[in-house]
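Geometric and topological summary
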Amino acid sequence: MSELLNHLYGQHHRLCTTPAGQVTLVLSRDREIDLIELEQLCDAVGWSRRPIRRVRRALQNSLLVVGLWRHDARLPKLVGFARCTGDGIVDATIWDVAVHPLYQGAGLGKQLMVYVLDVLRSWQVERVSLFADPGVVDFYSTQGWELEPKQRRCAFWYAP
Ligand SMILES: CC(C)(COP(=O)(O)OP(=O)(O)OC[C@H]1O[C@@H](n2cnc3c(N)ncnc32)[C@H](O)[C@@H]1OP(=O)(O)O)[C@@H](O)C(=O)NCCC(=O)NCCS
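Worth saying up front: this structure is predicted, and the values here are computed from it rather than measured.

1. A closer look at the overall build of the protein
Of regular secondary structure, the protein possesses five helices and eight strands. Shown N-terminal to C-terminal, the secondary structure of the protein runs as helices and strands in the order α-β-β-α-α-β-β-β-α-β-α-β-β. The C-alpha radius of gyration of the protein comes to 15 Å, within 12% of the 15 Å expected for a compact globule of 160 residues. If one aligns the C-alpha atoms of the protein with their principal axes, the spans along those axes are about 45 × 35 × 35 Å.

Put into structure tokens, the structure is as follows:
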């Protein structure tokens with residue numbers, strides 16, 4: 001199994017823990033993102049569409065692109081996503097954090113964030129920021145993100 005997972009998701013993949021345990025969910029920074037699947041995921045969480053060619057370039061120019069996949073030996077399905085921009089040394093900013101509604105509430109968003117921060121930490125990035133949508137601020141603050149003084153959108157994580 002681990003050879004298959006390495007083949008599909010790359011050597012940096014991480015298995016997620018899920019309450020049901022019936023499906024295997026995998027985080028990967030190596031598996032290529034299918035842009036149509038990404039568009040479907042963004043549709044599912046209610047984000048407005050961006051032209052695919054611009055999304056392709058945005059991903060190419062990102063520091064880190066992470067997919068959360070429902071494992072299937074033939075056709076893994078993209079059920080979560082996050083990406084980072086930045087210099088990869090001092091600063092990074094996290095964008096487009098999403099978990100498909102069918103998979104929300106199972107701790108996957110949190111595991112996605114931990115995975116992203118673990119990668120950035122391994123690069124010794126010193127400061128990570130993100131712009132939280134108003135309804136999601138608590139999702140980040142309960143994970144230890146420091147909110148900007150007005151406590152609304154912007155949050156920071158600093159390397160210890
Ligand atoms: C925000 C999002 C990524 C969370 O993913 P998820 O898999 O449902 O989150 P988790 O199950 O890991 O939740 C972890 C904790 O955060 C809490 N949480 C989840 N969504 C939350 C929200 N919108 N506001 C406040 N707390 C939230 C959970 O209750 C859970 O708390 P617990 O640890 O005390 O049980 C997901 O709801 C999503 O994709 N939303 C739509 C897109 C979006 O708004 N993205 C963020 C853009 S800034």
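What follows picks up the thread again.
2. Quick notes on the site of the ligand
In the neighbourhood of the ligand, 18 residues make up the surrounding shell, with Gln104, Gly109, Lys110, Asp138 and Phe139 lying closest. Counting residues per element, the ones that place at least two in the shell around the ligand are β5 (91-99), α4 (108-122) and α5 (137-141).

3. Focus: the packing of helix α2 (residues 35-44) against helix α3 (residues 52-60)
Following both chains from N to C, one finds α2 and α3 inclined at 100°, their axes separated by 11 Å at the closest point. Considered as vectors, α2 and α3 are oriented roughly perpendicular to each other. Residues Leu35, Leu38 and Glu39 of α2 lie in contact with α3, whose contacting residues are Ile52, Val55 and Arg56. Grouping the amino acids of the contact of α2 with α3 by side-chain chemistry returns four nonpolar, no polar and two charged.

4. Focus: the environment of leucine 38
Mapped onto the fold, leucine 38 is located in helix α2. Overall, the presence of 22 C-beta atoms within 10 Å leaves leucine 38 in the buried class. For the pair leucine 38 and tyrosine 9, spaced 29 residues apart in the sequence, the C-alpha separation amounts to 16 Å. Those residues within four positions of leucine 38 in sequence are excluded, and the remaining contacts are Ile33, Val55, Leu78 and Phe81.

Definitions and limits used
- Residues numbered from 1 in each chain as written.
- Predicted model: local features only at pLDDT ≥ 70, side-chain atom pairs only at ≥ 80, totals over all residues.
- Helix = DSSP H or I, 4+ residues; strand = E, 2+ residues; numbered from the N terminus.
- Rg over C-alpha atoms; globule rule 2.2 N^0.38 Å.
- Near = placed C-beta within 6 Å.
- Axes fitted to C-alpha atoms, helices over the stretch in contact; angles between N-to-C directions.
- Parallel < 35°, antiparallel > 145°, perpendicular 65-115°, else oblique.
- Contact = placed C-beta atoms within 7 Å.
- Nonpolar A, V, L, I, M, F, W, Y, C, P; charged D, E, K, R; others polar.
- Buried ≥ 20, exposed ≤ 12 C-beta atoms within 10 Å, placed from the backbone.

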